Amino acid sequence: MQVFIYDTYEELSQAAARLVAKTLNSKPNSVLGLATGSTPLGLYKQLIRLHKEEGLDFSQVTSFNLDEYVGLSNDHPQSYHYFMSENLFKHINIARQNVYVPSGSTDNYGAFCEWYEQRIKDCGRIDLQVLGIGADGHIAFNEPTSSLGSRTRIKTLTKQTIEDNARFFDDPEDVPVYAITMG
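The notes below deal with the structure included here. (Residues numbered from 1 in each chain as written. Predicted model: local features only at pLDDT ≥ 70, side-chain atom pairs only at ≥ 80, totals over all residues. Heavy atoms only, no water.)

Description of the pairing of strand S2 (residues 62-65)
1) Next: By the alternation rule, side chains of S2 split into Thr62 and Phe64 and Ser63 and Asn65, which are all buried.
2) Next: Of the strand pairs in this sheet, strand S1 (residues 31-34) and S2 are connected by four bridges, and their pairing is parallel. Bridge assignment links Leu34 to a residue of S2, and that residue is Asn65.
3) Next: A crossover links S1 with its parallel partner S2, the connecting element being helix H2 (residues 41-54), and its sense is right-handed.
4) Next: Here S2 runs beside strand S4 (residues 99-100); their pairing, made up of two bridges, is parallel. (Buried < 20%, exposed > 50% of the residue type's maximum accessible area, 1.4 Å probe, protein only. Helix = DSSP H or I, 4+ residues; strand = E, 2+ residues; numbered from the N terminus. Pairing = 2+ DSSP bridges. Right-handed = clockwise from strand over helix to strand, strands pointing away.)

The structure is reproduced here in structure tokens:
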């Protein structure tokens, strides 16, 4: 593992975008694992800029998002489907059929989780994963007590995560208490 330290968030975002661009330029049909939240926003802005100004091509890319709230529709302003559309997907040329975000409104979460894991395998597994880290150290919605061997599943959110995310909702009571998350 290599660790790079940058003086500013802007420098970090530019470096991360260059890494993604290098990956896509060497393998145009890369499978990207993507995150939501404030951590990757600078990266997504840089990727949009690279696409628009330098022609970075996402046409063959497949993406898998880490997580989604349970109970929110895809068009809910706090859903991660909506977040990704607004902050990346609608600004680049990724094929919509190659975009995968966990379903927060499926009728069968167990079957969906198995399907999601299998779909990642069928697409060749993830070539590059973008991550963010929550205030309590969680990655995706893998709360601090999560097993390192876990796979896509339903997870109960901790009180800390619910409180941290309440700022995005009109009423703190509206924050979902469950999420579907990759392991």
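That was the structure; now back to the text.
Remarks on the nonpolar core
1) Next: Judged by nonpolar contacts, the single largest core of 46 residues is most densely connected at Leu34, Tyr44, Leu47, Phe58, Leu88 and Phe89.
2) Next: Counting only elements with at least two residues in this core, the list comes to helix H1 (9-26), S1, H2, helix H3 (80-87), S4, helix H4 (109-122) and strand S7 (178-181).
3) Next: Element by element, the count of residues in this core is highest for H2, at five residues.
4) Next: What Leu34 contacts, discounting residues up to four positions off in sequence, is Tyr44, Ser63, Phe64, Asn65, Leu66, Met84, Leu88, Phe89, Gln129 and Val130. (Core = buried A, V, L, I, M, F, W, Y, C linked by side-chain atoms within 4.5 Å. Contact = heavy atoms within 4.5 Å.)

Looking at the side chain of Asn65
1) Next: Residue position: Asn65 is located in strand S2.
2) Next: From its side chain, Asn65 meets the backbone oxygen of Leu34 in a polar contact 3.5 Å long.
3) Next: In this structure, Asn65 is in contact with Leu34, Ala35, Thr36, Met84, Phe89, Tyr100, Val101, Pro102, Tyr116 and Met182, ignoring residues within four places of it in sequence. (Polar contact = N/O pair within 3.5 Å; in protein donor to acceptor, adjacent residues only side chain to side chain.)

Quick notes on the packing of H2 against H3
1) Next: Closest axis-to-axis distance for the H2/H3 pair is 10 Å, and the angle between their directions is 40°. With respect to each other, H2 and H3 are oriented oblique. From H2, Leu41, Tyr44 and Ile48 reach across to H3, where they touch Phe83, Met84 and Asn87.
2) Next: Its residues placed into classes, the contact of H2 with H3 shows five nonpolar, one polar and no charged. (Axes fitted to C-alpha atoms, helices over the stretch in contact; angles between N-to-C directions. Parallel < 35°, antiparallel > 145°, perpendicular 65-115°, else oblique. Nonpolar A, V, L, I, M, F, W, Y, C, P; charged D, E, K, R; others polar.)

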